[in-house]
Each structure stands twice: as structure tokens, then as C-alpha cells.
Amino acid sequence: MRLDSKKALITGGSSGIGRAIATLFAKEGADVVIGDLDVEGGNQTLRQMRSPSNVHFIEADISNEDSVRNTVDQAAELMGGIDILVNNAAAFVFGTVDQVTVDDWKRVMDVNVVGSANMVKYSLPSLKEAANPAIVNIASVSGFIAQPAFIPYNASKGAVLQLTRCLAMDLAEFNIRVNSVCPGTIFTAASERHMAFEGVTKEKFIKEA
């Protein structure tokens, strides 16, 4: 019960890492709101958690500022505030610089960088009122290393790391802690989409990860 009475808003909780975060937070006593574009996956997360009364799902598109504002407002109303924001939602866009289109760049940046920044922006009033507020941005080892044909994704995750550093400085005066977590390769639904993009088998993907 390390998070007893905490109120957590988690984006991208319909699958993978986000689902695991939401499940653990609820187990540790937090009230949880999951925001995700994937409604079916969100409902599946709730079913897997046996639909506890302290967990809610909101359909959210964090690349859309109005949707971000609405999600944060609903979450704050449902939980009576926000103590913890976890920016986990991500767009997985890969390719070399000559393959990637302007729309690809816009999608990956709108979700991974601008969307995360807007989640912080609209959560700030609630976070400033919290006793021990915290923001966790899920970045990636891809923000530190170069990988072949990963240009848009890695560039966006590098930006998330710098976003985190700047937020930590700017929000320190409000006692809001800002950190990032940088996972390596974890087998999730996103991994399966990446395998399909690369046209590789699961065995080869795991071996090269």
C-alpha cells in the first residue's frame, strides 16, 4: 500500500507498460484514471483488474489539446484531484530519414512530446495543490542510443528526456518532482506492431533486441 490515497492519472494504460503501471498502482492503493485512445484495450485492462472501484477509464487522444484538457478535468473530478501524472502514451513511428513523411513526424512528436507536455500543462493546477506531487515521463533507452531506421521514434524519446529535465527545473519551486524512466525492449503489443513493420519473426526480434 505504498500509494495509499494517492490519485494517479496514467496515459497509455490500455496495454503493455501502461497496463502494468496501472495494475501495480491500483494494487498499491492508488486511485487510478487511465487515459487512452484504445477503448477496447482500456476495457480489457479494467476486466483483467476485475474492475476495481478505484480505477476508471477515459477515452483520450493526447495528440489533441482539447482531448487532453477534457481528460485531465474528468480525472481530477473522478478522483478529487491529481497527485501523480504518468506520461506513458506513445506513438511508435520508425524508418530512415528518407522514408519518414511529414505526417509521420507530426504524429510521433504530437503524441510523444507535445502530448506529454500538454498533459503536464493541464494537470498543473491539481498537482500544485497535491501534498507530494510527481510526474513520471516514460522515455526509452532509444532516447540515449542510435538504432537503424529508428529516426523519428528515437528523436522523440530524446526530446522526452530533455522535456523531463526542463520540467524538473521549472516545477521545482512548486515541489513537483519530475523524472523519467527509460525501459529497454519489452515484449508488448507495440513490439508485435514493430515486428510486423520490420517483417521479422518473434524469435529474430527477441534475439536482436
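To start, this report covers the structure provided alongside it. It should be emphasised that the depicted structure is a prediction, and the values quoted were computed from it without experimental measurement.

1. A few points about the nonpolar core
Right, so step 1: Of all hydrophobic cores here, the largest spans 27 residues; its most connected members are Leu9, Ile82, Ile135 and Leu171.
Right, so step 2: Of all elements in the fold, only helix H3 (65–79), helix H4 (102–129) and helix H5 (151–171) reach the threshold of two or more residues within this core.
Right, so step 3: The dominant element in this core, judged by the number of residues it contributes, is H4, at 7 residues.
Right, so step 4: Residues in contact with Ile82, not counting those within four places in the same chain, are Lys7, Leu9, Val72, Ala75, Ala76, Ser123, Ser126, Leu127 and Ala130.
Right, so step 5: Ranked by size, the runner-up nonpolar core spans 17 residues in total, among them Ile21, Val32, Leu46 and Ile138.

2. Here's the deal with the side chain of Asp110
Right, so step 1: Counting through the fold element by element, Asp110 comes out in helix H4.
Right, so step 2: On the accessibility criterion, Asp110 (18% relative accessible area) is buried.
Right, so step 3: Not counting residues within four places of it along the chain, the set of residues in contact with Asp110 comprises Ile62, Ser63 and Gly115.

3. Notes on the pairing of strand S3 (residues 55–59)
Right, so step 1: Here 5 bridges tie strand S2 (residues 31–36) to S3, and the two strands are oriented parallel to one another. Looking at S3, one finds that Ile34 is bridged to Phe57.
Right, so step 2: Considered for its hand, the β-α-β crossover made up of S2, helix H2 (residues 39–48) and S3 is right-handed.

4. Let's talk about the environment of Asn54
Right, so step 1: The residue Asn54 is located in the loop between H2 and S3 in this model.
Right, so step 2: Counting along the chain gives 47 residues from Asn54 to Lys7, while the straight-line C-alpha distance between them is 9.4 Å.
Right, so step 3: Residue contacts for Asn54: discarding those within four places in its chain leaves Ala26, Ala30, Asp31 and Val32.
Right, so step 4: At 2.7 Å, the side chain of Asn54 forms a polar contact with the backbone oxygen of Ala30.

5. Section: empty space enclosed by the protein
Right, so step 1: Taken as a whole, this structure holds 1 cavity of 30 Å³ or more when the rule is applied.
Right, so step 2: Size it by volume and the largest cavity reaches roughly 40 Å³.
Right, so step 3: Around the largest cavity, the lining residues are Asn87, Ala89, Asn112, Ser116, Asn137, Ile138, Lys157 and Val160.
Right, so step 4: When contributions to the lining of the largest cavity are tallied by element, the ones reaching two or more residues are H4, strand S5 (134–138) and H5.
Right, so step 5: Its residues assigned to classes, the lining of the largest cavity shows 3 nonpolar, 4 polar and 1 charged.

6. Examining the state of the cysteines
Right, so step 1: The tally for this structure, following the rule as stated, stands at 0 disulfides.
Right, so step 2: The structure places no disulfide on Cys166, whose sulfur is separated from the nearest cysteine sulfur, that of Cys182, by 15 Å.
Right, so step 3: Exposure remark for Cys182: the relative accessible area of 26% places this residue in the partly exposed category.

What counts, and where the lines are drawn
Residues numbered from 1 in each chain as written. Predicted model: local features only at pLDDT ≥ 70, side-chain atom pairs only at ≥ 80, totals over all residues. Heavy atoms only, no water. Core = buried A, V, L, I, M, F, W, Y, C linked by side-chain atoms within 4.5 Å. Buried < 20%, exposed > 50% of the residue type's maximum accessible area, 1.4 Å probe, protein only. Helix = DSSP H or I, 4+ residues; strand = E, 2+ residues; numbered from the N terminus. Contact = heavy atoms within 4.5 Å. Pairing = 2+ DSSP bridges. Right-handed = clockwise from strand over helix to strand, strands pointing away. Polar contact = N/O pair within 3.5 Å; in protein donor to acceptor, adjacent residues only side chain to side chain. 1 Å grid on protein atoms, 1.4 Å probe; cavity = no way out; pocket = protein on both sides within 12 Å on 5 of 7 lines; lining within 4 Å. Points joined across faces, edges and corners; volume = space filled by probe spheres on them. Nonpolar A, V, L, I, M, F, W, Y, C, P; charged D, E, K, R; others polar. Disulfide = S-S within 2.5 Å.

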